[in-house]
Amino acid sequence: MLTDDILYLPVTELSHRIRQKQISPVQLTESYLERSRKLGPRLNAYATLTPELALKQARAAEKEIAAGKYRGPLHGIPYAAKDLLAVKGYPTTWGARPYVNQKFDYDATVIRKLQDAGAVLLGKAAMIELAGGLGYRYASASATGAARNPWNEAYWTCGSSSGSGTIVGAGLAAFAIGTETWGSIICPSGFCGISGLRPTFGRVSRYGAMALAYSMDKIGPMARSVDDCDLVLKAISGHDAQDAGSLPGASAKYTGAEESRRPLRVGWIANQWKEIAPDVNKAMSAAHDVLKASHALKMSTVSLPEGPWEAAAGTIVSVEGASAFKDLIESGRVSQLNDPLGKIGGYMNEAISASDFMLAERIRRILQKKMAEVFTKVDVLATASLPVTAPRLEANLDDALTFADPIGGIGNICGLPAISVPCGFGHDQLPVGVQFIGRPLDDAAVVQAARVFQSQTEWHKRHPQFA
């Protein structure tokens, strides 16, 4: 079996070693599978392992590469997919007990694109039930139990891509696929000390993925580094006629981030967090100093427009979620969910009036114009990924995560790309993240800003140790 130091290498380096035949796809896959069997149950990381499929794909990759048929940098690279993405013939449980036996006879577009790129599927990552679509108060809101933070197992990883964060953070796969409707890539990436990219809305097809909020759901990579996220997004992006929300033609395809010919204008958000934990604030001050010292960036301070953005985003998620899970709610099977709030949240969401929903949609259009004005002054916004470190596993999240999140609401209601990267540690060896947010379709700018930060720091090279 390969050593931990090898298994924690970024995709860029693993790819190089595979190409140079220093390691083989089969050897890498077997090593990740062994580590996943050992640590996965301890961390509640996976919903399902797919070893037969993984080894079949790894052997095919090894044979093709030996024959000179190299598909690109993801060829032979093992990954995990959040368990709301359909994989033909395997359970796709959506993290929820009512769907533990659910299977589909097709692959999600993202799964198919990664297969075309030669990537190797190790398994389905655990997740919060229904991606939190009907609400939840506890980390245990999952058919597989609370996902444990690899840096400190007494703490959570954040939802709803909780297992994806654990898998990457614990070195159980080279990368994972997560989804975000509001915070579910940025938060677990921040809490687990990894890099996670939320693409522009519509850039990655959601065909074959569970729907939560039709106008806000996004699929993106979670990995060791910014460069890894860049590689994966290039592979999974593109127009798909099977997704009504897919961007058209060239605007859907992500071609990667090139080095900017001029300094990127980065706006440090002054009014994002009303309160920030002292340990997080210390890490953020150091991150700000790194960014300010870079010749590749031009720093300024900006303020977000004031308005009921979070309330509007919350209304849209609630109404669209009630629609997405209508059958579950009306059948009463919603009572099978683990979380007490999830059992009743759908009924509460159905009570939201049409006029409130339409008002939220009008607010969305106003906000999009206001954010377009902000981005005339800067290329990228920056702030802490979260104002706190990860909560304890048993915490009531209504108490532990009480902060307002303006940029989370704004970023998701407007479909803005964002990336979270590690920037330090707080109490109990818990990671802290910094996030960069860009205008629609400018995923490359957030990648480039984060790349500048990672070129001058080594937080992303650290990884937890397991006894």
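Along each chain, numbering runs from 1 in the same order as the chain's sequence is written. The model is predicted, so local features are restricted to residues of pLDDT at least 70 and side-chain atom pairs to those at 80 or more, both for listing and for counting; the totals for chains, interfaces and linings are taken over all residues. Side-chain figures throughout are based on the complete set of non-hydrogen atoms in the structure, without hydrogens or water.

Caption draft 1: Region of interest: the pattern of salt bridges. Only one rule defines a salt bridge in this text: a Lys or Arg side-chain nitrogen within 4 Å of an Asp or Glu carboxyl oxygen. Evaluation of the coordinates by the stated rule reveals 20 salt bridges. The salt bridge partner of Asp-230 is Lys-234, with a shortest N-O separation of 3.9 Å. Here Lys-234 and Asp-230 lie together in helix α8 (residues 226-236), a separation of four residues that amounts to about one turn. Judged by relative accessible area, which is 28%, Lys-234 ranks as partly exposed. The salt bridge involving Glu-361 is made with Arg-364; its shortest N-O contact spans 3.0 Å. A residue pair is termed a helical-turn pair when its members lie 3 or 4 positions apart in one helix, as Glu-361 and Arg-364 do in helix α14 (residues 354-374) at three residues. The structure contains a network of salt bridges with shared partners spanning Asp-227, Asp-230, Lys-234 and Arg-451. Helix and strand definitions here come from DSSP, where helices need a minimum of 4 consecutive H or I residues and strands a minimum of 2 consecutive E residues; each element is numbered from the N-terminal end. Partly exposed residues are those whose accessible area sits between 20% and 50% of the maximum for their type, while under 20% is buried and over 50% is exposed, using a 1.4 Å probe and protein chains only.

Caption draft 2: Just the nonpolar core, in detail. Nonpolar core, defined: a set of buried Ala, Val, Leu, Ile, Met, Phe, Trp, Tyr and Cys residues in which side-chain atoms within 4.5 Å join the residues together. Judged by nonpolar contacts, the single largest core of 139 residues is most densely connected at Leu-130, Phe-175, Ile-177, Met-371, Leu-381 and Phe-436. Contact criterion: two residues are considered in contact whenever any of their non-hydrogen atoms come within 4.5 Å of each other. With residues up to four places along the chain from it excluded, the contact list for Leu-130 reads Trp-94, Ala-96, Tyr-99, Met-210, Leu-212, Phe-325, Leu-328 and Leu-337. Grouped together as the second largest cluster of nonpolar side chains are 15 residues, Tyr-155, Cys-158, Phe-191 and Ala-390 included.

Caption draft 3: Expanded view of the environment of Glu-62. Residue position: Glu-62 is located in helix α4 (residues 51-66). For Glu-62, a relative accessible area of 31% puts it in the partly exposed group. For the pair Glu-62 and Pro-25, spaced 37 residues apart in sequence, the C-alpha separation works out to 5.7 Å. Sequence-distant contacts of Glu-62, that is, excluding residues within four places in its chain, are made with Ser-24, Pro-25 and Val-26. Polar contacts, as used here, are pairs of N or O atoms within 3.5 Å; protein pairs need one atom able to donate a hydrogen and one able to accept it. Residues neighboring in sequence count only if both atoms are side-chain atoms. Polar contacts involving the side chain of Glu-62 include one to the main-chain amide nitrogen of Val-26, which spans 3.2 Å.

Caption draft 4: Highlighting the sheet that holds strand β11 (residues 380-384). By this definition, two strands are paired if DSSP reports at least two bridges between them. Read from one edge to the other, the open sheet built from eleven strands follows the order β1-β3-β2-β6-β8-β7-β12-β13-β11-β9-β10, with strand pairing classed as mixed. With partners counted over all chains shown, the strands left at the sheet margins are β1 (46-49) and β10 (297-302), one partner each. Direction aside, the axes of adjacent strands within the sheet are offset by 30° on average. In this structure, strand β9 (residues 264-269) lies alongside β11, joined through three bridges in parallel fashion. When the bridges of β11 are listed, Gly-267 appears paired with Leu-381. Lines fitted to the C-alpha atoms define the axes, with helices restricted to the stretch that makes contact. Angles between their N-to-C directions range from 0 to 180 degrees.

Caption draft 5: Region of the structure containing unusual backbone geometry. Residue Ser-160 is bonded to the preceding Gly-159 through a cis peptide linkage, with omega at -5°. Considering the arrangement of structural elements, one finds Ser-160 in the loop between β5 (152-156) and α6 (162-169). Unusually for a residue other than glycine, Lys-21 sits at a positive phi of about 60°. Mapped onto the elements of the fold, Lys-21 is located in the loop between α2 (11-19) and α3 (25-43). Of note in the backbone geometry, Trp-94 takes a positive phi value of approximately 55° without being a glycine. Structurally, Trp-94 is set in the loop between β2 (78-82) and α5 (109-116). Trp-94 sits in the buried class, given a relative accessible area of 14%.

Caption draft 6: Up close: the pairing of β11. Of all five residues in β11, five are buried; the element is thus mostly enclosed. Pairing of β11 with strand β13 (residues 431-438), which is carried by five bridges, proceeds in the antiparallel orientation. Opposite Val-380, over in β13, you have Gly-438 as the bridge partner.

Caption draft 7: Layout of the state of the cysteines. Disulfide assignment relies on a single distance test, namely cysteine sulfur atoms paired within 2.5 Å. Taken as a whole and assessed by the stated rule, the structure comprises one disulfide. One disulfide in the model links Cys-158 with Cys-187; its S-S distance is 1.8 Å. Here the S-S torsion is close to 100°, and the disulfide linking Cys-158 with Cys-187 is therefore right-handed. Placement of the pair is Cys-158 in the loop between β5 and α6 and Cys-187 in helix α7 (residues 186-192), with a sequence separation of 29 residues. For the unlinked cysteine Cys-192, the closest cysteine sulfur is that of Cys-158, found at 8.5 Å. Among the cysteines around Cys-229, which has no disulfide bond, Cys-192 carries the closest sulfur, lying 13 Å off.

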